[in-house]
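Fold and contact review
This is what each chain is made of:
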Amino acid sequence: MWDWGYANSILPKLLEVIPTTLASAILGFILACLLGLPIALARRSSKKWIAWPVAAFSEFIRSTPLLIQLFVLVFVFPQSFNITLSPFLAGVIGLGLHYSTYLSEVYRSGIDSVPRGQWEASIALNFNKLRTWLRIVLPQSIPPTIPVMGNYLIVMFKETPTLSAITVVELLMTAKVIGSASFKYVEAFTLVGIIFLVLSYPSSLLVRALERRMKRNERRGIA
Amino acid sequence: MSQNIQTFTSDEPIVRYKNITKSFGEHTVLKELDLDILPGEKVALIGPSGSGKTTIARLLMTLESPTSGTIEVDGEMLWHMHKRGRLISANEKHLHRVRSKIGMVFQHFNLFPHMTILRNVTEALIHVLKIPKAEANHRALEILERVGLRDHTNHYPSQLSGGQKQRVAIARALVMQPRIMLFDEVTSALDPELVGEVLDVIKAIASEGDMTMILITHEMDFARDVADRIIFTDGGVIVEQGTPAELFENPKSARLQSFLSRFMKGQPDRSADDRVAAGTE
Amino acid sequence: MDWLSLDLLPPLLKGLKITLLLTVISIVVAFCFALLAGLGRLSRFAIVRAIMSTYVEIFRGTSLLIQLFWIYFALPMLLDVRLSAMTAAVIALGLNYGAYGSEVVRSSILAVPKGQIEASTALNMTPYQRMRRVIFPQAWVMMLPGFGNLQIELLKGTSLVYLITLADVTYQGMTLRSFDISRTPAILAWLLILYFIASYTLTLIVRLSERKVVKGRG
């Protein structure tokens, strides 16, 4: 059944790959944040030739599995475009691109929640477009989305095991290697599950607390 | 307090609040309230918002539980029951039985948006009173006729005006034939021109029936017309009570005098009222 | 387009059938768990709330692929049973998306205005009748968009079953690829297209049913 001694012996090997796992999630998240904003802005654009293709592309990415997108990055890119990516880099790009479409929706809802009066006031004060966006709209629309963004960081962290399919040496990959060497899957996979829970549960509690606090402040702001 | 009423002395009270206190956290909304209401009596509760008058009704409807004290309905404890000689908190079964004597109409109607008008009225008849559907429909149509909404039975609540919605809500409560009806600021959420139609319906019910009615209202003329007794609450206590003539023509306490003088100058600020009510509920 | 040749399609469609079957069964299982856990987390009984919350936090706190591997590789060793890849996949997808769905159920029920509960109390409905006749029907309408999104996520999530060798569309694609590696771009393009069509069809079905439910309520 469960072998404590064995579990103890493999734990260090698993802990060793936590940094790689976290790095892929965090780098992917940063990429998603950076790509998400231009996607959100493009989809809001009044120029159809910008808005439409970006919307179609982003819907396509959102509606297809990350796994297949990762395969495209590692199998098709070297073959068709002569671009060879390391598994880790491909993982980061895949994660980042996939979730940029989700984050663009987060940005969009943040931007939409800025009251019309703010836009009208900016016009009345004769601000130019850039100033309106940078000084008025974005500073108001990004902060309320921070808890949701935090949630997506956690979601992306939990998505990192998918990267094992393109041989990124993260937690699940390591557990699989350990397990197949000894045919003792129970300890390896259970430990990986616990490590994920230990890392993600407190973070999600933190995000929920942040969310509650922002809601309270918001209500106070109205009153 | 009950010595104030001369006209109803023969009967036992149908509702008796004994030493009721209700607090929300630090905030006490009712302080050691004693109140008897006689069968068939029409009682109007008036007072500034936050004075505790809505809480008096909500405690009776079992929407809020008292912090201390007891309420009796028709000689039976509402929030407590006897078990092996000891007084314990009422369970859902006990509440269900006593609650069948009470009905309520709400400030914000609270109609069921996913049901037609007819189903709003028949739903509890069929599923709570277990009355066959045909009979329930028949009764519902009769009541809807009385409130003047016979033609709207297949509409949904969102298709009605506020006044119509409130008349449906009255029909929905009335059809259950409760012995006691609570009307909680039923015109406060209505546009001024729709208030009349709702008050007329309530007046008609009051004039024809032996139903006990507790009316929480800001409509002073209406209270004077309908009520046998007016109760003025402020700061969680009953400050003054008596017949409409006694209270409106000859208010004794300074608090009631200033409350009434504000009303003579005009209606109180409704929106401010709603905000306070929403905050405490 | 030459490289999107149609001869790849028959084996892929065979796999797509498995993917769709798995999706439908898992949606049903997930829906049951979502209702159970969503209502359970609002239960009057602390013990029920605790059990359901634990289930939800465990399945939301770890990831689908780990759950899939654990159920397929570790669970049979612990219990000494054999699970087919299909069974393991349905259990993992059902439990995982059921946990997410329970949040949709819970928040929708909590979003029904308090006045509705009060009105049904005033009409002397029992707690069960309040839920069954007044609260749930209203919450149900609010649940549909959330469920719709989760269904798309579940469909995408089925691609992971390839990693436990269930012969879904991804698996078929990767098998084709092992025959002729030079056709990888075409195979993956087909996979993306098939998944997109499936997702989009699911979206349309959800939107249609939403419109049907909302209709007639003015």
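Keep in mind it's a predicted model, so treat the numbers as computed, not measured.

Turning next to the overall build of chain B. Assigned secondary structure in chain B consists of 10 helices and 12 strands. Since a compact globule built from 281 residues should have a radius of gyration of about 19 Å, the 19 Å found for chain B is in line with a globular shape. Projecting the C-alpha coordinates of chain B onto the three principal axes gives extents of approximately 55 × 50 × 40 Å. Per-residue burial over chain B gives 56% buried out of 281 residues. Accessible surface for chain B amounts to roughly 12,600 Å². Of this, 48% is attributable to carbon and sulfur atoms. Charged side chains of chain B number 33 positive and 37 negative; the gap between the two group centres comes to 7 Å.

With 22 residues of chain C in contact, the opposing surface of chain B contributes 28 residues. Roughly 2,100 Å² is buried in total at the junction of chain C and chain B, and carbon and sulfur atoms are behind 56% of that figure. Looking only at chain C, the three residues that lose the most surface to chain B are Leu-123, Asn-124 and Arg-133 of chain C, adding up to 30% of its buried area. Connecting chain C to chain B are three salt bridges. The partner of Arg-133 of chain C in a salt bridge is Glu-123 of chain B, with the nearest N and O atoms 3.5 Å apart. Our enumeration of links across chain C and chain B arrives at nine residue pairs in polar contact (both at pLDDT 80 or more). Broken down by secondary-structure element, the contributors of at least two residues to the side of chain C that touches chain B are helix H5 (114–122) and helix H6 (127–157) of chain C. Of the residues in the side of chain C that touches chain B, the class split is seven nonpolar, 10 polar and five charged.

A few words on a nonpolar patch on the surface. Together, Leu-22, Ile-26, Leu-27, Ile-30 and Leu-34 of chain A give the surface a local cluster of nonpolar side chains, amounting to about 430 Å² of exposed area. Along the chain, Leu-22 of chain A turns up in helix H2 (residues 18–44).

Residue and element names in this part refer to chain B. Spatially, four strands are ordered S2-S1-S4-S5 in an open sheet, and the strand pairing comes out antiparallel. Edge positions in the open sheet fall to strand S2 (27–37) and strand S5 (76–77), since each of these has one partner strand only. The sheet contact formed by strand S4 (residues 68–73) and S5 spans two bridges and is antiparallel. Looking at the pairing, Glu-72 lines up with Met-77 of S5.

Quick look at the UniProt feature "domain: ABC transporter" (unreviewed entry) in chain B now. Within the UniProt annotation, "domain: ABC transporter" (unreviewed entry) is assigned to residues 15–260 of chain B. End C-alpha atoms of residues 15–260 of chain B are separated by 27 Å, and the span's content is 37% helix alongside 28% strand.

This part takes up the pairing of S4 of chain B. Residues and elements named next belong to chain B. Sheet analysis places strand S1 (residues 15–24) next to S4, joined by five bridges and oriented antiparallel. Looking at S4, one finds that Arg-16 is bridged to Glu-72. Counting the residues between successive antiparallel strands, the hairpin from S4 to S5 contains two residues, one of them, Asp-74, with a positive phi of roughly 55 degrees.

What follows covers the sheet that holds strand S10 (residues 212–216) of chain B. Residue and element names in this part refer to chain B. Reading across from one edge, S8-S9-S10-S3-S11-S12 is the order of the six strands in this open sheet, with mixed pairing throughout. Taken across any chain shown, the strands that pair with only one partner, and hence form the sheet edges, are strand S8 (102–105) and strand S12 (237–242). For this sheet the average axis-to-axis angle between neighbouring strands, irrespective of direction, equals 20 degrees. Two strands pair when backbone bridges link them, and strand S3 (residues 42–46) and strand S11 (residues 229–234) are joined in this way by four bridges, in the parallel orientation. Residue pairing in the sheet places Ala-44 in a bridge with Ile-230 of S11.

Glancing now at the domain arrangement of chain B. Residues and elements named next belong to chain B. What the domain assignment lists for chain B is domain 1 (2–101 + 178–276) and domain 2 (106–177). Inter-centroid distance (C-alpha atoms) of domain 1 to domain 2 is 24 Å. Residue-level contacts link 21 residues of domain 1 with 18 residues of domain 2. Regarding the contact of domain 1 and domain 2, the summed buried area is about 1,500 Å², with carbon and sulfur atoms giving 69% of it. It is Pro-178, Glu-197 and Val-201 in domain 1 that bury the most area against domain 2; as a group they hold 26% of the surface buried on that side.

Next up on the list: the packing of aromatic side chains. What the rule picks out here adds up to 25 aromatic pairs over all chains. Ring plane angle 40 degrees and centroid distance 5.2 Å describe the contact between Phe-232 of chain B and Phe-259 of chain B, whose orientation is recorded as tilted. Pair noted here: Phe-232 of chain B is in strand S11 and Phe-259 of chain B is in helix H9 (residues 254–265), with a separation of 27 residues, a long-range link. Each of the two residues, Phe-232 of chain B as well as Phe-259 of chain B, counts as buried. Ring geometry for Tyr-97 of chain C against Tyr-100 of chain C: centres 6.4 Å apart, planes inclined by 40 degrees, an arrangement best described as tilted. In this pair, Tyr-97 of chain C and Tyr-100 of chain C both sit in helix H4 (residues 85–111), three residues apart, roughly one turn of the helix. On the basis of relative accessible area, Tyr-100 of chain C is assigned to the partly exposed category, the value being 25%. Through pairs of rings, three or more aromatic residues link up here, namely Tyr-185 and Phe-189 of chain A together with Phe-69, Tyr-72 and Phe-73 of chain C. Taking NZ or CZ as reference, Arg-62 of chain A lies 4.7 Å from the ring centre of Tyr-102 of chain A, over its face. Positioned over the ring face of Phe-112 of chain B is Arg-172 of chain B, at 4.6 Å from the centre of the ring.

Residues and elements named next belong to chain C. In this structure, the second largest pocket encloses a volume near 620 Å³. Taken together, 14 residues form the lining of the second largest pocket, with Leu-42, Ser-43, Arg-44, Pro-127 and Met-131 sitting closest to its centre. Put simply, the parts of the chain that give the lining of the second largest pocket at least two residues each are H4 and H6. Among the elements that make up the lining of the second largest pocket, the one with the highest residue count is H6 (five residues). Its residues assigned to classes, the lining of the second largest pocket shows 10 nonpolar, one polar and three charged.

What follows deals with the pairing of strand S9 (residues 180–184) of chain B. Residue and element names in this part refer to chain B. For S9, the tally of buried residues reaches five of five residues, placing the bulk of the element in the interior. Burial along S9 is two-sided: Ile-180, Leu-182 and Asp-184 and Met-181 and Phe-183, pointing in opposite directions, are all buried. Note: S8 against S9, four bridges, orientation parallel. Residue pairing across strands places Gly-103 opposite Met-181, the latter belonging to S9. Relative to S10, S9 runs parallel, the two being bridged by five bridges. Bridged to Asp-184 within S10 is Ile-216. Taken together, S9, helix H6 (residues 192–208) and S10 constitute a β-α-β crossover, and its handedness is right-handed.

Rules behind the numbers
- Residues numbered from 1 in each chain as written.
- Chains lettered and ligands numbered in written order.
- Predicted model: local features only at pLDDT ≥ 70, side-chain atom pairs only at ≥ 80, totals over all residues.
- Heavy atoms only, no water.
- Helix = DSSP H or I, 4+ residues; strand = E, 2+ residues; numbered from the N terminus.
- Rg over C-alpha atoms; globule rule 2.2 N^0.38 Å.
- Buried < 20%, exposed > 50% of the residue type's maximum accessible area, 1.4 Å probe, protein only.
- Areas by Shrake-Rupley, 256 points an atom, 1.4 Å probe, with all protein chains shown as cover.
- Lys, Arg positive; Asp, Glu negative; His and termini not counted.
- Charge placed at Lys NZ, Arg CZ, Asp CG, Glu CD.
- Contact = heavy atoms within 4.5 Å.
- Buried area = accessible area lost by both parts, 1.4 Å probe.
- Salt bridge = Lys/Arg side-chain N within 4 Å of Asp/Glu carboxyl O.
- Polar contact = N/O pair within 3.5 Å; in protein donor to acceptor, adjacent residues only side chain to side chain.
- Nonpolar A, V, L, I, M, F, W, Y, C, P; charged D, E, K, R; others polar.
- Patch = residues over 30% accessible without salt bridge, like charges linked within 9 Å, V, L, I, M, F, W, Y side chains within 5 Å.
- Pairing = 2+ DSSP bridges.
- UniProt positions renumbered as here; feature names shortened; annotations may be inferred.
- Axes fitted to C-alpha atoms, helices over the stretch in contact; angles between N-to-C directions.
- Domains from an automatic or database assignment.
- Phe/Tyr/Trp six-rings, centres within 6.5 Å; stacked < 30°, edge-to-face > 60°.
- Lys NZ or Arg CZ within 6 Å of the ring centre and 35° of its normal.
- 1 Å grid on protein atoms, 1.4 Å probe; cavity = no way out; pocket = protein on both sides within 12 Å on 5 of 7 lines; lining within 4 Å.
- Points joined across faces, edges and corners; volume = space filled by probe spheres on them.
- Right-handed = clockwise from strand over helix to strand, strands pointing away.

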